[in-house]
Every structure is written in C-alpha cells, then in structure tokens.
Amino acid sequence: GVGMTALYLALGMVFGFALSRSGAADFGTVQGMFLLQDFQLYGIIGVGVALTMPGLWLLKNKGYSLASKPAHAGNLVGGALFGVGWAMTGMCPGPIFVNLGEGKLYAIPVLAGALFGTWLYGQTRSRLERPLGLPALAALDTEAKVNQGT
C-alpha cells in the first residue's frame, strides 16, 4: 500500500544520502578502491556486511525463509560484467541514482547503459539458459511465490 511505498522511499533516500556522504558514489573513491590506492570503500562495504549479518540471523531465527540461489556460470559472467561496468563508470545501480540526484550529468549515459543491459538480458535470457546453466524462468517464478508465501 501507500504506507509501504512511503517507507521504501524514505529508506531509499536514507541509503542514497549515506552513499553520497560516505563517498561510495564518488568516482574518485571507487577508482581508488579498484586501484588499491584508497581503502575507504572497503571499510564501508565491511560495515554494511557487519550490520547486515545480525539482521539476517534474526530473520532466520524468527522463521523467515532465506532461500539460497543455485550457483551457475551465469553468476560468473554477470559478476564479471557488473565488475567491469562498475570499474569503468565508478557506479553500480544505487550510485547511478545518487549521482543523478547530485546533478552529475555523466550518470545519464550510465543509467542508459544499465537499462540497455537489462533489456538485452531480457531479450537473450532464453538463449543463455542452456550455455550458462541458468534456472528456467518458471522455476524462478515458483520459488518467488513460495518465498512470498503465496
């Protein structure tokens, strides 16, 4: 409903603010991380992991399903594409919007590239299932319904 949408919007704004203030959306900081010259972003990622671990532990102990996803070659290919794009642009999906919000116009072609890549994946996914060992879409749909309790 509207209340949950407002909550998601507020949490997204807090997340975006944190990315902006921490430097995680700054091209120089990201490049410094990949060149092993600036370790600030490694600390930010470490804090994120440290804060997430107890939350996931609590969810699991409260009985929420934390289903694991199957490993397949698509994870390697997708991870490599993600990493190359992140290293080249200094942005992953969240910081694209942070940079746009900060008025950095160079984020526009990065957003266009991310949207194009998403579209291209959607167009080619069925042809990639067999060579990359991707799970069938019907199986993913069933898994999503089970995880949502529907």
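Details of the structure are given in the entry above.
The notes below deal with the structure included here. (Residues numbered from 1 in each chain as written. Predicted model: local features only at pLDDT ≥ 70, side-chain atom pairs only at ≥ 80, totals over all residues. Heavy atoms only, no water.)

### Brief notes about helix H5 (residues 93-101)
Because the α-helix completes a turn every 3.6 residues, residues three or four places apart line up on one side. Within H5 the residues assigned to the buried category are Pro95, Ile96, Val98 and Asn99. With its buried residues spanning 165° around the axis, H5 presents them on a single face. Turned more than 90 degrees off the buried face of H5, the exposed positions are Phe97 and Gly101. Residues of H5 that are buried make contact with helix H1 (2-22) and helix H6 (107-132). Gly103 occupies a position one or two residues after H5 and carries a positive phi of about 85°. (Buried < 20%, exposed > 50% of the residue type's maximum accessible area, 1.4 Å probe, protein only. Helix = DSSP H or I, 4+ residues; strand = E, 2+ residues; numbered from the N terminus. Arc of directions from axis to C-beta. Contact = heavy atoms within 4.5 Å.)

### With respect to the packing of aromatic side chains
Taken as a whole and assessed by the stated rule, the structure comprises four aromatic pairs. Members of the aromatic cluster, connected to one another through ring pairs, are Phe34, Phe82 and Trp86. (Phe/Tyr/Trp six-rings, centres within 6.5 Å; stacked < 30°, edge-to-face > 60°.)

### Examining the nonpolar core
Within soluble globular proteins, side chains that are nonpolar tend to cluster in buried spots. Listed in full, the nine residues of the largest apolar core are Leu19, Ala24, Ala25, Val30, Met33, Leu41, Trp86, Cys92 and Val98. If near-sequence neighbours (up to four positions away) are discounted, Val30 is found in contact with Ala24, Leu41, Trp86 and Gly90. (Core = buried A, V, L, I, M, F, W, Y, C linked by side-chain atoms within 4.5 Å.)

### Some details on the pattern of salt bridges
Overall, the coordinates contain two salt bridges when judged by the stated rule. A salt bridge links Lys104 to Glu102; its shortest N-O distance comes to 2.8 Å. Owing to a relative accessible area of 24%, Lys104 belongs among the partly exposed residues under this scheme. Judged by relative accessible area, which is 35%, Glu102 ranks as partly exposed. (Salt bridge = Lys/Arg side-chain N within 4 Å of Asp/Glu carboxyl O.)

### Observations concerning helix H3 (residues 40-61)
Under the 1.5 Å per step criterion, the end-to-end length of H3 is 33 Å for 22 residues, consistent within 8% with the ideal 32 Å. Of the residues flanking the end of H3, it is Gly63, one or two places downstream, whose phi is positive at about 95°. (Expected span 1.5 Å × (residues − 1).)

### Quick word on the packing of helix H2 (residues 27-34) against H3
Put simply, H2 and H3 touch, their axes get as near as 8 Å, and they point 90° apart. With respect to H3, the axis of H2 lies roughly perpendicular. Contact residues: Thr29, Val30 and Met33 in H2; Leu41, Tyr42 and Ile45 in H3. Among the residues making up the contact of H2 with H3, the classes are represented as five nonpolar, one polar and no charged. (Axes fitted to C-alpha atoms, helices over the stretch in contact; angles between N-to-C directions. Parallel < 35°, antiparallel > 145°, perpendicular 65-115°, else oblique. Nonpolar A, V, L, I, M, F, W, Y, C, P; charged D, E, K, R; others polar.)

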